[in-house]
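Architecture at a glance
Here is what each chain is made of, one letter per residue.
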Amino acid sequence: MGVKTMELEKNIVEEVHQKLEIKNMFLLGIQHVAAMCAGAIAVPMILGESLGLGQEEINTLVSATLMMAGLGTFIQTLDIHGKIGAKLPIVEGVSFAGVSALVAVGLSYKGSDPIFGLQVMFGATIVSGIFAFLVAPMFGKLLKYFPPLVSGVVVTSMGLSLIPVALRWVAGSPKSSSYLSIKNIILALVTIGIILAIQKLSKGFLGNIAILLGIFLGTLVAIPMELTDFSTLNEATAFTINTPLQFGFPKFELTAILSLFLVQLVIMTDATGNQINLSDICSVEPNQEKIVAGLRGHGLTSIIAGFFNSFPHSLFGQNVGIAAITGVKSRFVGTAAGIILLVVSFFPKLVAILTSIPSPVLGGAGIIMFGIVAANGIKRLGTISYDGNKNLVIVATSLGMALAPIAAPQLFTNFPQWGKILFQSPVTLGALTVLILNIVFNEFNKK
């Protein structure tokens, strides 16, 4: 019996480390990229637009993010170091968990110079990555403070904080002649309808890339509506390499760093759950050593990202779903996806096409994308018990606090600088509230 078990484990290991035919690996890699591309470019666009950066600067952020997604995927899938990287078909991407906190940081520090706000973001990203790398071995002990009650509130807050961003995309740029036009709303609704139709009529691969197809087809619809502008495509160079510190040396501000420490804890919690799921799909035992190696990979990627003009990265949950659907366990499929992401980042014209997508199209897709984030949080909250405890009060209070900066963005205007950074982020405020209340009402009652 023992011999058979050893043989089975050997076959499993070989399957995870199996190198498929190059053609198949890259076809599967394209599928992974297709599933995460829309989400990957959304974050740098949100952050760039929140600071009022120009289109060329936003293109640089998008290019940097795609490059770092490729490098981060290499770290997670290749055997670079025995204690860094999960060695699973992981695809990295810039995390949505940090969006609200980073926007708050950027707006608080930019003053009359949005580049300074960007430098503070990069500095906080670097230090938070070091923090994630160092606390990875201890994170198993901290997980008890992030049960579904806490993570559910955090993820729900994340989704709720991003939905207004999607609605602002639907409205369009205030500088645009089509701002708040009926055309914008119609285009957003058409995009939503396309995505829902694909979800209804398709399964498998097409269903997985419904968001991407919706964005593509929505953009085609926008052309006769005269809502497209591809002028940056002509201005973009043919080839570029994302070099470090393009926006200057990072600035390190304590309150911004502390804000991203909490974001990293949320990222690590979510990444741990995703890694456990992916390990189960790949028939690999998700032991502590492998979990820690994966978390170190996220931390190292974030450290490098801060120097290379990007933001905190993590495992993309969409790609875990694709691994489950395809049943392909080879980590080298992730490596192929990393190569594709890296190549795209070298060609500004490809990046310009991505960033020239009409904002109402992104808004329509964003309503669904960000709504799914909130729905996943609600799904987690549905797994906990509300009988004989105060969990309902905890959830209600925490979500109410998270909604405060969304409903009244000027509420914390008169707070000191550190207070603005911590409390203007719905995710940070909701997470702090639920962490404290969970400890007070639940942890203190345990023997």
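Residues numbered from 1 in each chain as written. Predicted model: local features only at pLDDT ≥ 70, side-chain atom pairs only at ≥ 80, totals over all residues. Heavy atoms only, no water.

**A look at the overall build of the chain**
A count of helices and strands for the chain gives 20 helices and two strands. In summary, the chain has a C-alpha radius of gyration of 21 Å against a globular reference of 22 Å for 447 residues, a match within 12%. Across the 447 residues of the chain, 54% fall into the buried class. Put simply, 83% of the contacts in the chain that link residues at least 6 apart link residues at least 24 apart. Surface accessibility of the chain: about 19500 Å² in total, with carbon and sulfur atoms responsible for 67%. The distance from the centre of the 26 positive side-chain charges to the centre of the 21 negative ones in the chain is 6 Å. (Helix = DSSP H or I, 4+ residues; strand = E, 2+ residues; numbered from the N terminus. Rg over C-alpha atoms; globule rule 2.2 N^0.38 Å. Buried < 20%, exposed > 50% of the residue type's maximum accessible area, 1.4 Å probe, protein only. Contact = heavy atoms within 4.5 Å. Areas by Shrake-Rupley, 256 points an atom, 1.4 Å probe, with all protein chains shown as cover. Lys, Arg positive; Asp, Glu negative; His and termini not counted. Charge placed at Lys NZ, Arg CZ, Asp CG, Glu CD.)

**Digging into the environment of Asn389**
Summarising the element assignment, Asn389 is placed in the loop between helix H17 (359–381) and helix H18 (391–407). Since its relative accessible area comes to 28%, Asn389 is described here as partly exposed. Put simply, Asn389 and Phe216 are 173 residues apart on the chain and 48 Å apart in space, counted from C-alpha to C-alpha. Here Ser385 takes part through its backbone oxygen, which lies 3.1 Å from a polar atom of the side chain of Asn389. Within the structure, Asn389 has its side chain in polar contact with the backbone nitrogen of Asn391 (distance 3.1 Å). (Polar contact = N/O pair within 3.5 Å; in protein donor to acceptor, adjacent residues only side chain to side chain.)

**A short note on unusual backbone geometry**
One non-glycine residue, Leu180, adopts positive backbone phi at about 65°. Structurally, the position occupied by Leu180 is in the loop between helix H7 (148–171) and helix H8 (182–201). The class of Leu180 is exposed, set by a relative accessible area of 58%. One non-glycine residue, Glu226, lies in the positive phi region at around 60°. Secondary-structure assignment places Glu226 in the loop between helix H10 (210–222) and helix H11 (231–235). Given a relative accessible area of 68%, Glu226 falls into the exposed group.

**Some words on the side chain of Thr301**
Checked against the element boundaries, Thr301 lands in helix H13 (residues 288–307). Setting aside residues no more than four positions away along its own chain, Thr301 makes contact with Met68, Gly72, Ile75, Glu92 and His313.

**Some words on the environment of Cys282**
In this structure, Cys282 sits in the loop between helix H12 (254–281) and H13. Take Cys282: its relative accessible area is 1%, and that puts it in the buried class. Each C-alpha atom of the pair Cys282 and Glu15 lies 8.3 Å from the other, and the pair is 267 residues apart in sequence.

**Observations regarding a nonpolar patch on the surface**
Together, Phe239, Ile241, Ile339, Val343, Phe347, Leu350 and Ile353 make up an exposed nonpolar region whose accessible area comes to about 580 Å². Mapped onto the nonpolar patch, the elements with two or more residues apiece are helix H15 (332–345) and helix H16 (348–355). Along the chain, Ile339 falls in helix H15. (Patch = residues over 30% accessible without salt bridge, like charges linked within 9 Å, V, L, I, M, F, W, Y side chains within 5 Å. Salt bridge = Lys/Arg side-chain N within 4 Å of Asp/Glu carboxyl O.)

**Some remarks on the packing of H7 against H17**
Contact geometry for H7 and H17: axes closest at 7 Å, N-to-C directions at 165°. By the criterion of interaxial angle, the relationship of H7 to H17 is roughly antiparallel. Between H7 and H17 lies a crossing whose hand is left-handed. Looking at the contact of H7 with H17, its residues break down into 20 nonpolar, 11 polar and one charged. (Axes fitted to C-alpha atoms, helices over the stretch in contact; angles between N-to-C directions. Parallel < 35°, antiparallel > 145°, perpendicular 65-115°, else oblique. Left-handed = near helix turned anticlockwise from the far one by under 90°. Nonpolar A, V, L, I, M, F, W, Y, C, P; charged D, E, K, R; others polar.)

**So, the side chain of His313**
Tracing the chain through its elements places His313 in strand S2 (residues 313–315). Owing to a relative accessible area of 0%, His313 belongs among the buried residues under this scheme. A polar contact is formed between the side chain of His313 and the backbone oxygen of Phe311, at a distance of 2.6 Å. Residue contacts for His313: discarding those within four places in its chain leaves Thr65, Met68, Ala69, Glu92, Gly93, Val94, Ser95, Ile267, His298, Thr301, Ser302 and Ala305.

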